[in-house]
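# Structural overview for review
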Amino acid sequence: MDVHGTVAEGFEPVRDAFVRNFEVLGDRGAAVAVYRDGRKVVDLWGGTRDAEGTEPWTEGTAQIVRSATKGVAAAVPLLLHQRGLLDLDAPVGSYWPEFKTGGKERILVRDVLAHRAGIPALDRGLSAAEAADGVSGARAVAAQQPFWEPGTEHGYHAQTYSWLLSELVLRATGRTVGSVLAEEIAEPLGLEFWIGLPETEAHRVGRVAPVEPPESAGMLRTRPRRNVSEAYADPDSLTRRAFAAIAPLPDENDPAYRAAELPASNGIGTARALARFYGATIGVVEDGARIFTPATTELAGREHSAGPDRVLVVNTRFGPGYMLHGPASPLLSPASFGHPGRGGSLALADPEAGIGFGYVTNALAKSVTADPRAQALVRALKSALSTR
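So, here's what we can say about the structure. (Residues numbered from 1 in each chain as written. Predicted model: local features only at pLDDT ≥ 70, side-chain atom pairs only at ≥ 80, totals over all residues. Heavy atoms only, no water.)

Moving on: unusual backbone geometry. With an omega of -5°, the peptide bond running from Ala247 to Pro248 counts as cis. Relative to the assigned elements, Pro248 resides in the loop between helix 9 (238–243) and helix 10 (255–259). Of note, the phi angle at Asp37 is positive, near 50°, even though the residue is not glycine. Relative to the assigned elements, Asp37 resides in the loop between strand 2 (29–36) and strand 3 (39–47). A positive phi angle, near 50°, is found at Arg66, a position not held by glycine. Looking at where Arg66 falls in the secondary structure, it is placed in the loop between strand 4 (63–64) and helix 2 (68–82). (Helix = DSSP H or I, 4+ residues; strand = E, 2+ residues; numbered from the N terminus.)

Shown next, in the form of structure tokens:
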């Protein structure tokens, strides 16, 4: 397997794990990057830019990262909060009056970010066109009655997070999440990451496809718990309904879908951009740029929700917009915050270790929160750090 890029001395275990992902765990095209104390120490890529193609993945290849988008998007409301433009303890309806219906009057901005709003699904799923039009999604979540008393429990808002966050930021600033990200975060930091892919960048994005792990991976013996399997199999379960808030599922290779702004699911970027982004959430990266103050970094990793997840049917932990380390989604350490993407991608920050990490792939497996390829890379990184 030809792997390209660079690895700083001491981080060779990450390269070894990355190669093994192709040889044993079924990766087709992927990239991984790591920042340590603001300095890039791993920047690797390999395979093909399309999961079912032959054209090589290059240094500039970008991919859709599914729900790993949520962690990048969460930086927008936290940055607004840091600047005094968004109050996390204010009712959502104070910014968005139409939202104050059906028992949603007391939902706080903080509840939305921590998956406590009680609106993970819709009574009627939206088409891909409706989901992307910038209007229908906001109307649907504003009209939706909560599935539980908001603020009392949590459940992963897999798709509805897009419209809740988008409309909240729009009402508070008059700007979209994608535009704030581009102008206030991505451009100053030089990040190759977009929520709403510009047409000028479409040529660099590879095609994703579902894949089955090879038998040699030893993963076929692993089975989810019965209650989890039943939840995903039952079309009436809150689990299935949450993931089917866009129905039928959109074509993630469709240029129109990629150009839309869906902060829950359709961010596109490089592993390098994700690692640099998370490095800048916990400190200063190479050229002096950073995103969060120390107080906001602490807030990002502070537990807001924990315990049984009404949607994922396992115990999960969330901060304001970020998934936190736990059995269902192991990160680098208990201090880590970040977000996986269903099918493989993972990005995280670890303020104690000074780490920003990003992994992207075009081979979408059935994993939801703990993909074996991403976990192998995290274990290798942990091993490398333990010897330094």
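With that settled, the discussion passes to the sheet that holds strand 4. The strand order across the open sheet formed by 3 strands is 4-7-5, and the pairing between neighbours is antiparallel. Edge positions in the sheet fall to strand 4 and strand 5 (193–194), since each of these pairs with one other strand and no more. In this sheet, strand 7 (residues 268–269) lies alongside strand 4 in antiparallel orientation, the contact comprising 2 bridges. Paired with Ile64 across the two strands is Ile268, which belongs to strand 7. (Pairing = 2+ DSSP bridges.)

It is worth spelling out the environment of Ala132 at this point. With respect to the helices, strands and loops of the structure, Ala132 is situated in helix 4 (residues 128–132). The class for Ala132 is partly exposed, based on a relative accessible area of 31%. A sequence separation of 30 residues divides Ala132 from Ser162, and the C-alpha atoms of the two residues are 9.7 Å apart. (Buried < 20%, exposed > 50% of the residue type's maximum accessible area, 1.4 Å probe, protein only.)

Turning our eyes to something else, we now look at the packing of helix 2 against helix 6 (residues 160–173). At a closest axis distance of 11 Å, the pairing of helix 2 and helix 6 adopts a crossing angle of 25°. When the interaxial angle is binned, helix 2 and helix 6 end up roughly parallel. Both helix 2 and helix 6 take part in a crossing whose hand is left-handed. Residues Lys70, Ala73, Ala74, Val76, Pro77 and Leu80 of helix 2 form the contact with helix 6, whose participating residues are Tyr161, Leu165, Val169 and Thr173. Here the residues of the contact of helix 2 with helix 6 sort into 8 nonpolar, 1 polar and 1 charged. (Axes fitted to C-alpha atoms, helices over the stretch in contact; angles between N-to-C directions. Parallel < 35°, antiparallel > 145°, perpendicular 65-115°, else oblique. Left-handed = near helix turned anticlockwise from the far one by under 90°. Contact = heavy atoms within 4.5 Å. Nonpolar A, V, L, I, M, F, W, Y, C, P; charged D, E, K, R; others polar.)

Attention now goes to helix 1 (residues 12–23). Between its first and last C-alpha atoms helix 1 spans 17 Å; for 12 residues at 1.5 Å apiece the expected length is 16 Å, and the two agree. Among the residues of helix 1, those classed as buried are Val14, Ala17, Phe18, Val19, Asn21 and Phe22. Looking at the packing, one finds that the buried side of helix 1 touches strand 1 (3–7), strand 2, strand 3, strand 13 (355–361) and helix 13 (372–386). (Expected span 1.5 Å × (residues − 1).)

What follows deals with the nonpolar core. One recurring pattern in soluble globular proteins is that nonpolar side chains are buried together. Residues Trp163, Ile185, Phe277 and Tyr322 are the most contacted members of the largest nonpolar core, which totals 81 residues. If near-sequence neighbours (up to four positions away) are discounted, Tyr322 is found in contact with Gly71, Ala74, Ala75, Leu78, Phe277, Tyr278, Phe292, Ala300, Arg317, Phe337 and Gly338. In terms of nonpolar packing, the next biggest core, distinct from the first, is built from 28 residues, Val14, Ala17, Phe357 and Leu381 among them. (Core = buried A, V, L, I, M, F, W, Y, C linked by side-chain atoms within 4.5 Å.)

Under the definition given, this model contains 9 aromatic pairs. Ring plane angle 70° and centroid distance 6.2 Å describe the contact between Tyr278 and Tyr322, whose orientation is recorded as edge-to-face. A residue pair is termed long-range when its members are at least 10 positions apart, and Tyr278 in helix 11 (residues 271–282) and Tyr322 in the loop between strand 9 (315–318) and strand 10 (323–324) qualify at 44 residues. There is no split in this pair, since Tyr278 and Tyr322 are both buried. Taken together, a centroid distance of 5.1 Å and an interplanar angle of 65° make the contact between Tyr322 and Phe337 edge-to-face. Here Tyr322 is found in the loop between strand 9 and strand 10, whereas its partner Phe337 is found in strand 11 (residues 337–340), with 15 residues between them in sequence. By relative accessible area, which is 0% here, Tyr322 ends up buried. (Phe/Tyr/Trp six-rings, centres within 6.5 Å; stacked < 30°, edge-to-face > 60°.)

A word on the pairing of strand 11. Residues of strand 11 alternate between two faces, with Phe337 and His339 on one and Gly338 and Pro340 on the opposite face, all of them buried. Of the pairings in the sheet, the one linking strand 10 to strand 11 comprises 2 bridges and is antiparallel in character. Within strand 11, the position partnered with Leu324 by the bridge is Phe337. Sheet topology note: the strand 11/strand 12 (residues 346–350) ladder contains 4 bridges and is antiparallel. Following the sheet pairing, Gly338 is matched in strand 12 by Leu348. Hairpin connection between strand 11 and strand 12: a loop of 5 residues separates the two successive antiparallel strands, and Gly343 in this loop has a positive phi of roughly 105°.

Side-chain pairs of opposite charge can arise whenever the charged atoms involved come near each other. Taken as a whole and judged by the stated rule, the model has 25 salt bridges. In this structure, Asp123 and Arg241 form a salt bridge, with 3.5 Å as the shortest nitrogen-oxygen distance. Of this pair, Asp123 sits in the loop between helix 3 (109–113) and helix 4 while Arg241 sits in helix 9, and the two are 118 residues apart along the sequence. The class of Asp123 is exposed, set by a relative accessible area of 60%. The shortest N-O distance in the salt bridge between Glu212 and Lys366 comes to 3.2 Å. Separated by 154 residues along the polypeptide, Glu212 in the loop between strand 6 (209–210) and helix 8 (226–233) and Lys366 in the loop between strand 14 (363–364) and helix 13 bring together distant segments of the chain. Side by side, Glu212 and Lys366 carry an identical accessibility label, which is exposed. (Salt bridge = Lys/Arg side-chain N within 4 Å of Asp/Glu carboxyl O.)

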